[in-house]
Amino acid sequence: MEKTDVFKLACELGFDVRGAELDNDINSLIIVNENWDKIPGFESNKVIAYNCKKDIIIKRNSVAIHLNEYVTSKSEQEKVVLAKRNKGLNSPIDINLIALECFEKGFIKKDKKKLIKMY
């Protein structure tokens, strides 16, 4: 079974995902304002920035945590506005479950059979 690429999934959901030089105690941050076309200075109205100085496992987990926050707060009709920082160590998030929830809520359009094989 292949691992889900959390960065690719975030991009499929319309996020501008990028590394940033953040303070050492901050792993990542998310800014979402779906009432806007774009957040000034970015290519989307949804941004996740991960601390480029951190280990790849922390980067992946941080992006997954923010995707989980976004997906659990999003419904088909509601527009989400949120801004959060991820500090310190966090429990791992199962990105495969997030991917399935994205599919089930209709945020990503894929053939269900292909989705199950991929994730």
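Small disclaimer: the values here were computed from a predicted structure and weren't measured.

Criteria and thresholds
- Residues numbered from 1 in each chain as written.
- Predicted model: local features only at pLDDT ≥ 70, side-chain atom pairs only at ≥ 80, totals over all residues.
- Heavy atoms only, no water.
- Phe/Tyr/Trp six-rings, centres within 6.5 Å; stacked < 30°, edge-to-face > 60°.
- Helix = DSSP H or I, 4+ residues; strand = E, 2+ residues; numbered from the N terminus.
- Buried < 20%, exposed > 50% of the residue type's maximum accessible area, 1.4 Å probe, protein only.
- Lys NZ or Arg CZ within 6 Å of the ring centre and 35° of its normal.
- Core = buried A, V, L, I, M, F, W, Y, C linked by side-chain atoms within 4.5 Å.
- Contact = heavy atoms within 4.5 Å.

Draft legend 1. Main features of the packing of aromatic side chains. Per the counting criterion, the structure on display carries 2 aromatic pairs. Taken together, a centroid distance of 5.6 Å and an interplanar angle of 65° make the contact between F7 and Y50 edge-to-face. In this pair, F7 sits in helix α1 (residues 6–12) while Y50 sits in strand β3 (residues 46–51), placing the two residues 43 residues apart along the sequence. Given a relative accessible area of 18%, Y50 falls into the buried group. When the centroid spacing of 5.2 Å and the interplanar angle of 85° are considered together, the rings of F15 and Y70 count as edge-to-face. In this pair, F15 is assigned in the loop between α1 and β1 (16–20) and Y70 in helix α2 (residues 56–73), connecting sequence segments 55 residues apart. For the pair F15 and Y70, a shared accessibility class is recorded, and that class is buried. Just above the ring of F15 sits the side chain of K46; from NZ or CZ to the centre is 5.8 Å.

Draft legend 2. Representation of the nonpolar core within the structure. Ranked by internal contacts, the top residues of the largest apolar core, which has 22 residues, are L13, F15 and L67. Breaking this core down by element, the ones donating at least two residues are α1, β2 (26–33), β3, α2 and α3 (95–104). Of the residues forming this core, the biggest block, 5 residues, is contributed by α2. With residues up to four places along the chain from it excluded, the contact list for F15 reads A10, I30, V32, S44, K46, V47, I48, L67 and Y70.

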